[in-house]
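Residues per chain are reported as follows:
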Amino acid sequence: MLILTTTEVAAAEITESLGLVRGTTVRTRHWGHNLIAAFKGLVGGEVHEYTKVIAEAREEALDRMKAEAFALGADAVVGFRFATSEVAKNCAEVVAYGTAVKVVRPDQG
Amino acid sequence: MMLDPDNRHPEEPPPGEDELMAMAFADGELGAEEAAAFATRLKSDPALLRLVAEHRALDALARQVGHPEPAEIDWARLKADPTHRGSTVAGWVLLTASALIGAAVASGSFLLDDSVPFPARALAGAGVLGLALLFSAVLRRRLRAIPLDPYRHVQR
């Protein structure tokens, strides 16, 4: 499935908008990772523990959004965006959303 | 990525309109109408089609020869460093052991302290047991969910 941040699909025509699709997740690492991350906060540099939790949350939210788009019979999602917030300390909340559309390529008639 | 016409060999002629369009098409930079019109042209223009294919192949090649994340190997090496591993393992063992033993001693001394009224000890004991049961339920659920969680291996 094509996921685009643009509102148009190059080389194809959007024939139908199926509406908003979104996926949400909140993830965290276990206490041990948070402890190590706290120590890294004292010395600086990349906090891999949190990079990983954000990446996990991003992929999960994206997959959930795709599943919703598939369920609607979409060919693509346009205007795709990620949004993040923190609902609890050391938790990553990621929302992936966009507009599910059906498209027709010129060579498909 | 549109190729800068000036970023070419001095003897190389500047790219024509078709080449610029082919590059933009290959990179998905054309608008919907423009791309559709260009796609129609491709059907009847083999030379133009070849140009698009060449640019797509160059893109793929550039991605293959491009350096991966430079720190990938270094991170792995640092993580595998014996001193790092040893101090991390020792640190966790000491911390876990002291936390468990400390909690057991503190709970035991409070619950077995006859100077504390029995209702207070019973209440505290029930609270500790409740917390332990809740934690074990969450831990058990997590351990059972780990094999079903496809996102655990996502690194960044």
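These numbers were taken from a predicted model, which means no experiment stands behind them. (Residues numbered from 1 in each chain as written. Chains lettered and ligands numbered in written order. Predicted model: local features only at pLDDT ≥ 70, side-chain atom pairs only at ≥ 80, totals over all residues. Heavy atoms only, no water.)

Asker: I tried to follow the pattern of salt bridges on my own but got confused; where do I start?
Answerer: Working definition: two side chains of opposite charge can pair if their charged atoms are close together. Inspection of every chain in the model, using the stated rule, returns eleven salt bridges over all chains. With a shortest N-O distance of 2.9 Å, Glu59 of chain A and Arg58 of chain A are connected by a salt bridge. Judged by relative accessible area, which is 24%, Glu59 of chain A ranks as partly exposed. Via salt bridges that share partners, Arg27, Lys52, Glu56, Glu60 and Arg64 of chain A together with Arg142 and Asp149 of chain B belong to a single interconnected network. (Salt bridge = Lys/Arg side-chain N within 4 Å of Asp/Glu carboxyl O. Buried < 20%, exposed > 50% of the residue type's maximum accessible area, 1.4 Å probe, protein only.)

Asker: Would you take a moment to explain the environment of Ala103 of chain B for this structure?
Answerer: Mapped onto the fold, Ala103 of chain B is located in helix α5 (residues 82-111). A C-alpha to C-alpha distance of 15 Å links Ala103 of chain B and Ala126 of chain B, two positions 23 residues apart in sequence. (Helix = DSSP H or I, 4+ residues; strand = E, 2+ residues; numbered from the N terminus.)

Asker: What exactly am I supposed to notice about the packing of aromatic side chains here?
Answerer: The geometry of an aromatic ring pair comes down to the distance between the two centres and the angle between the two planes. With the rule as written, the count across this model stands at three aromatic pairs over all chains. Between Trp31 of chain A and Trp92 of chain B the ring centres are 6.0 Å apart and the planes differ by 65°, which places this aromatic pair in the edge-to-face class. On the criterion of chain membership, the pair formed by Trp31 of chain A in helix α1 (residues 31-43) and Trp92 of chain B in helix α5 is interchain, its members lying in two chains. Residue classification places Trp31 of chain A among the exposed residues on the basis of a relative accessible area of 59%. Taking the centre distance of 4.8 Å and the plane angle of 80° together, the rings of Phe80 of chain A and Phe82 of chain A count as edge-to-face. Look at Phe80 of chain A and you get buried, because its relative accessible area is 8%. You can call Phe82 of chain A partly exposed: its relative accessible area is 38%. (Phe/Tyr/Trp six-rings, centres within 6.5 Å; stacked < 30°, edge-to-face > 60°.)

Asker: What am I meant to see in the interface of chain A and chain B here?
Answerer: Interface size is commonly expressed as the accessible area that is lost once the parts come together. On the chain B side, the residues contacting the 22 residues of chain A number 18 residues. Note on chain A versus chain B: buried area summed over both sides is about 1,500 Å², and carbon and sulfur give 65% of it. Our enumeration of links across chain A and chain B arrives at one salt bridge. Between the two partners, chain A and chain B, sit four residue pairs in polar contact (both at pLDDT 80 or more). Elements supplying a minimum of two residues to the side of chain A that touches chain B: α1 and α2 (48-72) of chain A. Considering each element in turn, the side of chain A that touches chain B owes the most residues, nine residues, to α2 of chain A. Class assignment of the residues belonging to the side of chain A that touches chain B gives a composition of nine nonpolar, three polar and ten charged. (Contact = heavy atoms within 4.5 Å. Buried area = accessible area lost by both parts, 1.4 Å probe. Polar contact = N/O pair within 3.5 Å; in protein donor to acceptor, adjacent residues only side chain to side chain. Nonpolar A, V, L, I, M, F, W, Y, C, P; charged D, E, K, R; others polar.)

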